[in-house]
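What the coordinates show
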Amino acid sequence: MAQCSNCQFQNMPGVTHCGRCGASLTLRTAVINVHPPRANSWAKSWRKTFLARFMRSARGSARSANRQWGLSPNAELPSLGLLCRLVVPGWAQIHSGQATFGKSLLVGYAVLFAAAAACFGSSACSFLLGMAFACHGISVYDVARRSSVGLKNRAFRVLLGCGLLGSLVYIPGYSFATRFVDAVVIQQNGYPLQAGDVLLVRRFNYSQLTPRAGDVVQYEIAGDSVMGRTAAGVAARYLIQGARIDRVLAGPGQVITWENGQLTVDGQRSPWRPLNPGGAPASLGVTLPSDSWFILPSTDVATGGFQPTKENWETWSIVKTPQIEGRIVWRSWPWSRIGFVDD
Amino acid sequence: MTDSETPHSHSELFTLKIKGNRMGRFDKLEVSAEQPDERQSSRAENARRDRSWLDQAIEERRCGHYENGLRLYSRALEEDKSLVSGWLGQVQMLIFLDELVEAELWSRKALELFPGNGDLMAGRAQALGRNGDLTEALVLSDGSLRQSGQSAYRWQVRGELMAATRQDTDRHCFDKAMQADPDWLVPLEIAAAYVHFNLPGRAVDRVRRSVALAPERYFAWFVQGRVERELGLSTAEKSFRRCLDLCPGHIEAARCLRELEQSGRSLKQMWRRIFGSR
């Protein structure tokens with residue numbers, strides 16, 4: 001009679017497995033590795049860190065929630081490696097052998113994301129970014145579909161995955177991007193800009209990024225109030241203020257002469273022109289103070305029947321350093337005119 | 001007449017079997033080269049040797065030398081893989097060494113070999129519980145208690161999980177464990193579990209009970225010192241000194257004592273002293 005070492009059941013001779021508990025009766029001499037796996041020193045140190053404990057606890061909580069909400073009592077979470085790969089759309093699929101599907105998702109996402117980045121700040125950007133996120137969502141859904149059972153469980157996992165991606169990748173990414181670049185929408189026509197144009201502005205911080213001659217910048221024009229006449233001949237007071245976009249033509253301390261569309265800086269001809277040379281005065285001569293820049297507001301000052309005087313131009317074209325807000329780096333909308341704002 | 005058809009005497013057949021089972025039809029013969037009394041003595045010898053490895057492993061465990069304990073449990077299993085206590089010991093050693101992922105994996109393997117073994121289920125529950133998956137651990141602990149037989153370890157794990165989920169019923173489970181096995185190691189491991197789950201206030205009584213049961217065991221004094229140090233009690237120094245008296249070469253106790261002498265009392269220790277269980 002062979003006694004089972006697990007449950008002490010007396011089995012009939014000749015049988016190889018216990019009739020009660022199913023344990024092997026030939027285990028004593030079986031060829032089995034009896035040396036357990038060991039954690040290496042790196043794994044041990046990692047497991048003691050706060051992050052590892054936090055992740056362990058989060059994983060435990062997720063499992064508990066999974067079961068408590070009755071989503072799927074026996075559902076297992078995908079491996080950590082697969083979960084980490086979800087950060088890049090399609091990577092998890094490529095890793096798990098669905099190379100074509102994974103690559104399609106990755107390429108689709110890259111194209112949509114690049115298009116969204118090109119028209120950043122416009123409504124098309126929101127749409128394209130949404131499409132790109134949908135690609136990413138499909139990648140998450142596919143992993144959830146393969147690792148879970150039941151619609152409820154799948155939906156929970158997809159929502160959780162997308163929520164985590166949104167809060168850990170997209171929102172921080174957007175915040176990071178907008179720390180450097182802002183979108184400005186042009187409100188009225190003024191050659192070469194048109195109402196509805198979306199421009200990306202790189203803000204100056206004056207410690208690392210400062211204006212240079214030739215930069216197209218957004219700035220605050222020196223506030224001024226002038227008397228004039230409208231096109232109908234009615235006397236009116238014009239208030240000159242607000243944000244403007246134009247090119248920096250010269251820097252602090254330089255002597256500028258603007259004569260018949262030709263700019264001379266410190267006696268030498270300058271290659272730079274204002275964005276709309278036609279909107280600039282016929283002639284102007286200015287010596288810049290040490291903290292000021294020369295920007296001719298050529299795009300939209302002369303409106304209606306009002307014609308500024310030479311003194312007005314002198315006042316408006318000298319811009320103090322703090323008034324310059326940022327450099328225009330890209331026109332992201334409309335599609336037909338996406339590109340640099342140079343001419 | 002072919003070779004297989006050649007008539008053999010009983011002794012010749014016997015020799016053939018010994019020489020390498022060339023004749024399949026004799027596989028099931030219940031005869032062996034050894035005489036029955038020799039066989040029995042050989043088995044007894046094997047069992048004694050296995051028991052010896054196990055005893056050594058248990059002794060190492062009682063001294064807090066978990067690495068050595070693990071090695072000796074493995075040695076015992078090399079001799080006899082059907083020793084459930086060997087597999088369980090390995091799982092427990094891995095848990096005490098904080099290798100929880102490996103412990104869980106190993107307990108799963110052991111459970112494949114010994115399906116439904118209550119102690120192994122409790123071992124897996126302990127590994128899972130310490131690894132943060134308390135829900136699964138509780139399910140396994142329930143299962144382990146439903147299995148036939150009784151053991152202190154199952155109640156110990158149950159109590160540990162209760163403590164991990166901050167339920168007051170932990171002490172009932174631990175009392176039950178101590179009732180099932182009055183050995184000093186049980187309250188000591190309970191205290192260690194409390195410390196693991198950051199509840200040193202609850203560990204004091206247990207570890208003192210353990211020291212009272214075995215004042216000659218230096219490991220009990222060492223754990224008591226650690227618990228008292230967690231709480232910022234001045235008696236920690238005395239415990240470490242006692243541990244060093246019993247085992248002058250105890251490096252860890254010497255280090256703890258040195259740290260204790262060099263450091264002042266922290267706010268965390270004050271808090272624990274005032275609010276007890278935390």
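Details of the structure are given in the entry above.
Residues numbered from 1 in each chain as written. Chains lettered and ligands numbered in written order. Predicted model: local features only at pLDDT ≥ 70, side-chain atom pairs only at ≥ 80, totals over all residues. Heavy atoms only, no water.

**What about the sheet that holds strand 3 (residues 181-185) of chain A?**
What links the strands of a sheet is backbone hydrogen bonding, and the strands pair in either a parallel or an antiparallel sense. Residue and element names in this part refer to chain A. Ordered by their spatial adjacency, five strands build an open sheet running 3-4-15-5-8, and the pairing between neighbours is antiparallel. With one partner strand each, in any of the chains shown, strand 3 and strand 8 (243-247) form the two edges of the open sheet. Taking the axes of each pair of neighbouring strands and ignoring which way they run, one obtains an average angle of 40° across the sheet. Pairing analysis gives five bridges linking strand 5 (residues 216-220) to strand 8, with the strands arranged antiparallel. When the sheet's bridge partners are listed, Val 217 is paired in strand 8 with Asp 246. (Pairing = 2+ DSSP bridges. Helix = DSSP H or I, 4+ residues; strand = E, 2+ residues; numbered from the N terminus. Axes fitted to C-alpha atoms, helices over the stretch in contact; angles between N-to-C directions.)

**A closer look at the nonpolar core**
Trp 87, Phe 114, Leu 120, Leu 188 and Val 227 of chain B are the most contacted members of the largest nonpolar core, which totals 85 residues. Sequence-distant contacts of Leu 188 of chain B, that is, excluding residues within four places in its chain, are made with Val 207, Ser 210, Phe 219, Ala 220 and Val 223 of chain B. Membership of the second largest hydrophobic core comes to 27 residues, among which are Val 248, Leu 263, Ala 280 and Trp 293 of chain A. (Core = buried A, V, L, I, M, F, W, Y, C linked by side-chain atoms within 4.5 Å. Buried < 20%, exposed > 50% of the residue type's maximum accessible area, 1.4 Å probe, protein only. Contact = heavy atoms within 4.5 Å.)

**Digging into the packing of aromatic side chains**
All told, the structure shown has eleven aromatic pairs over all chains when counted by the stated rule. Where Trp 330 of chain A meets Phe 340 of chain A, the ring centres are 5.1 Å apart and the plane angle is 85°; that geometry is what we call edge-to-face. Note that Trp 330 of chain A is positioned in strand 15 (residues 324-333) and Phe 340 of chain A in the segment after strand 15, a separation of ten residues in sequence. Classification of Trp 330 of chain A by relative accessible area gives partly exposed; the value is 24%. Take Phe 340 of chain A: its relative accessible area is 59%, and that puts it in the exposed class. Taking the centre distance of 4.9 Å and the plane angle of 35° together, the rings of Tyr 66 of chain B and Phe 96 of chain B count as tilted. Within this pair, whereas Tyr 66 of chain B is found in helix 3 (residues 66-79), its partner Phe 96 of chain B is found in helix 4 (residues 84-96), the two being separated by 30 residues in sequence. In this structure Phe 96 of chain B comes out as buried when scored by relative accessible area, which is 18%. (Phe/Tyr/Trp six-rings, centres within 6.5 Å; stacked < 30°, edge-to-face > 60°.)

**Remarks on unusual backbone geometry**
That bond from Trp 333 of chain A to Pro 334 of chain A is cis: its omega, 0°, falls within 30 degrees of zero. Topologically, Pro 334 of chain A is positioned in the segment after strand 15. If you check the backbone angles, Asp 98 of chain B has positive phi at about 65° while not being a glycine. Checked against the element boundaries, Asp 98 of chain B lands in the loop between helix 4 and helix 5 (100-113). Of note in the backbone geometry, Arg 166 of chain B takes a positive phi value of approximately 55° without being a glycine. Position of Arg 166 of chain B among the secondary structure elements: in the loop between helix 8 (152-164) and helix 9 (170-180). Of the residues examined, Arg 166 of chain B reaches a relative accessible area of 36% and is grouped as partly exposed.

**As for helix 7 (residues 134-146) of chain B**
The end-to-end C-alpha distance of helix 7 of chain B is 18 Å, a good match for the 18 Å that 13 residues give at a rise of 1.5 Å each. Those residues of helix 7 of chain B not exposed but buried are Thr 135, Ala 137, Leu 140, Ser 141, Gly 143 and Ser 144 of chain B. (Expected span 1.5 Å × (residues − 1).)

**Here we look at the sheet that holds strand 9 (residues 255-259) of chain A**
Residue and element names in this part refer to chain A. Spatially, the four strands line up as an open sheet ordered 11-10-9-12, and their pairing is antiparallel. If you trace the sheet from one side to the other, it starts and ends with strand 11 (268-269) and strand 12 (283-287), each paired once. Of the strand pairs in this sheet, strand 10 (residues 262-265) and strand 11 are connected by two bridges, and their pairing is antiparallel. Bridged to Thr 264 within strand 11 is Arg 269.

**A few points about the interface of chain A and chain B**
In this assembly, 24 residues from chain A lie in contact with 33 residues from chain B. Regarding the contact of chain A and chain B, the summed buried area is about 2600 Å², with carbon and sulfur atoms giving 51% of it. When the buried surface of chain A facing chain B is broken down by residue, Arg 28, Val 34 and Arg 38 of chain A rank first, second and third, together holding 25% of it. On inspection of chain A and its partner chain B, the count reaches four salt bridges. Residue Arg 38 of chain A pairs with Glu 99 of chain B through a salt bridge whose shortest N-O separation is 2.8 Å. Only helix 1 (41-48) and helix 2 (50-68) of chain A provide two or more residues apiece to the side of chain A that touches chain B. Among the residues making up the side of chain A that touches chain B, the classes are represented as nine nonpolar, eight polar and seven charged. (Buried area = accessible area lost by both parts, 1.4 Å probe. Salt bridge = Lys/Arg side-chain N within 4 Å of Asp/Glu carboxyl O. Nonpolar A, V, L, I, M, F, W, Y, C, P; charged D, E, K, R; others polar.)

**With respect to the environment of Glu 104 of chain B**
Residues and elements named next belong to chain B. With respect to the helices, strands and loops of the structure, Glu 104 is situated in helix 5. Relative accessible area serves as the criterion here: at 11%, Glu 104 is assigned to the buried category. Taking the C-alpha atoms as reference points, Glu 104 and Asn 131, separated by 27 residues in sequence, lie 9.0 Å from one another. For Glu 104, the residues in contact, after removing those within four places along its chain, are Arg 124, Ala 127 and Leu 128.

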